[in-house]
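Here's the letter readout for the chains.
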Amino acid sequence: MRPLTEEETKTMFEKLSKYIGENIKLLVDRPDGSYCFRLHNDRVYYMSEKILKLATNISRDKLVSVGTCFGKFTKTGKFRLHITALDFLAPYAKFKVWVKPGAEQSFLYGNHLLKSGLGRITENTNQYQGVVVYSMADVPLGFGVAAKSTQECRRVDPMSIVVFHQADVGEFIRSEDTLT
């Protein structure tokens, strides 16, 4: 386990800023202690400094995971967010989308969100902006990328895709053996 390099940090923070904007600093400087990001086996983990000190007692080859997995770096160097980061992204999300109850199951099965399943959307959401997807009861379901801006969503036909699926809480069941 090692600290992220300058390039890795930049890549990860650019991805996080698509979803939470400048609220990234709230993840690191928390009132309940100091938190950090660490890289282990191409995966980025988010943990408190206290847990980090305890984890140094375990050898690298024996360590499976520590803290919360935020995502992983692909072989091409891109950063991909995991659904395990949702609990930390949801409170700070700048752009949100609410899904109608009938479309929740479709989204949780890994499908894109159609206009017919769109309940509400945050004002001034741009096209290709990272959004956190909520149920109408304000329960975070996952995250994605807005396929259309807020203004385009108002006049598009009901079968058009408005949010591209990235990750959802259904992945815990579908991919439980690959999530670490």
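By the naming in an unreviewed UniProt entry, the protein chain goes by 60S ribosome subunit biogenesis protein NIP7 homolog and is assigned to Salarias fasciatus. Of the protein chain, the UniProt comment under Function (unreviewed entry) reads exactly: "Required for proper 34S pre-rRNA processing and 60S ribosome subunit assembly." Recorded in UniProt for the protein chain, the comment headed Sequence similarities (unreviewed entry) runs: "Belongs to the NIP7 family."

K.L.:
What should I look at first to understand the pattern of salt bridges in this one?
P.N.:
A side chain of one charge can pair with a side chain of the opposite charge when the charged atoms of the two come close. One pass over the structure, following the stated rule, counts 5 salt bridges. A salt bridge links Glu 8 to Arg 2, with the nearest nitrogen and oxygen atoms 2.9 Å apart. A salt bridge links Asp 32 to Arg 30, with the nearest nitrogen and oxygen atoms 2.9 Å apart. Looking at Asp 32, the relative accessible area reads 48%, which means it is partly exposed.

K.L.:
I keep staring at the UniProt feature "domain: PUA" (unreviewed entry) in the protein chain and nothing clicks. Help me out?
P.N.:
When the UniProt feature table is mapped to this numbering, "domain: PUA" (unreviewed entry) covers residues 95-170. Span residues 95-170 is 17% helix and 41% strand, its end C-alpha atoms 21 Å apart.

K.L.:
How should I be thinking about the sheet that holds strand β11 (residues 140-146) in this particular structure?
P.N.:
In a beta sheet, neighbouring strands are held together by backbone hydrogen bonds and run either parallel or antiparallel to one another. With mixed pairing, 6 strands are arranged side by side in an open sheet as β8-β12-β11-β10-β7-β9. Looking along the sheet, the strands with just one partner apiece sit at the ends: β8 (113-114) and β9 (118-121). As paired strands, β8 and strand β12 (residues 161-168) are joined by 2 bridges and run antiparallel to one another. Residue pairing for β12: Leu 113 is matched across the bridge by Val 163. Lying over the sheet, helix α5 (residues 101-108) contacts β7 (96-99), β8, β10 (130-135), β11 and β12, oriented at roughly 80° with respect to β11.

K.L.:
What is the right way to read the packing of aromatic side chains from this model?
P.N.:
Given two aromatic rings, one states the distance between the centres and the angle between the planes to describe the pair. Taken as a whole, this structure holds 10 aromatic pairs when the rule is applied. Ring plane angle 80° and centroid distance 5.3 Å describe the contact between Phe 37 and Phe 70, whose orientation is recorded as edge-to-face. In this pair, Phe 37 sits in strand β3 (residues 33-40) while Phe 70 sits in strand β5 (residues 68-73), placing the two residues 33 residues apart along the sequence. Judged on exposure class, the residue Phe 37 and its partner Phe 70 are both buried. What links up through ring pairs into an aromatic cluster is the set Phe 13, Tyr 35, Phe 37, Tyr 46, Phe 70 and Phe 88. One cation-aromatic arrangement involves Arg 30 over Tyr 35; the distance from NZ or CZ to the ring centre is 3.9 Å.

K.L.:
Mind showing me how you'd approach the nonpolar core here?
P.N.:
Generally speaking, soluble globular proteins have nonpolar side chains that are buried together. Within the largest apolar cluster, 28 residues are counted, with the highest numbers of intra-cluster contacts made by Leu 16 and Phe 37. It is helix α1 (residues 6-20) that contributes the most residues to this core, 4 residues altogether. Here this core spans two domains, and each of domain 1 (2-84) and domain 2 (95-175) adds at least three residues to it.

K.L.:
Please clarify how the side chain of Thr 125 should be interpreted in this entry.
P.N.:
Residue position: Thr 125 is located in the loop between β9 and β10. For Thr 125, a relative accessible area of 0% puts it in the buried group. Leave out the neighbours within four places in its chain, and Thr 125 touches Phe 95, Val 131, Ala 146, Ser 149 and Thr 150.

K.L.:
Got a minute to help me understand the domain arrangement of the protein chain in this structure?
P.N.:
Often, the extent of an interface is quoted as the loss of accessible area upon association of its parts. Looking at the assigned domains, one finds that the protein chain contains domain 1 (2-84) and domain 2 (95-175). In this complex, domain 1 contributes 8 residues to the contact, which on the side of domain 2 involves 14 residues. Roughly 770 Å² is buried in total at the junction of domain 1 and domain 2, and carbon and sulfur atoms are behind 61% of that figure. The tally of links between domain 1 and domain 2 comes to 3 residue pairs in polar contact (both at pLDDT 80 or more). Mapped by element, the contributors of at least two residues to the side of domain 1 that touches domain 2 are α1 and β6 (79-81).

Definitions and cut-offs
Residues numbered from 1 in each chain as written. Predicted model: local features only at pLDDT ≥ 70, side-chain atom pairs only at ≥ 80, totals over all residues. Heavy atoms only, no water. UniProt positions renumbered as here; feature names shortened; annotations may be inferred. Salt bridge = Lys/Arg side-chain N within 4 Å of Asp/Glu carboxyl O. Buried < 20%, exposed > 50% of the residue type's maximum accessible area, 1.4 Å probe, protein only. Helix = DSSP H or I, 4+ residues; strand = E, 2+ residues; numbered from the N terminus. Pairing = 2+ DSSP bridges. Contact = heavy atoms within 4.5 Å. Axes fitted to C-alpha atoms, helices over the stretch in contact; angles between N-to-C directions. Phe/Tyr/Trp six-rings, centres within 6.5 Å; stacked < 30°, edge-to-face > 60°. Lys NZ or Arg CZ within 6 Å of the ring centre and 35° of its normal. Core = buried A, V, L, I, M, F, W, Y, C linked by side-chain atoms within 4.5 Å. Domains from an automatic or database assignment. Buried area = accessible area lost by both parts, 1.4 Å probe. Polar contact = N/O pair within 3.5 Å; in protein donor to acceptor, adjacent residues only side chain to side chain.

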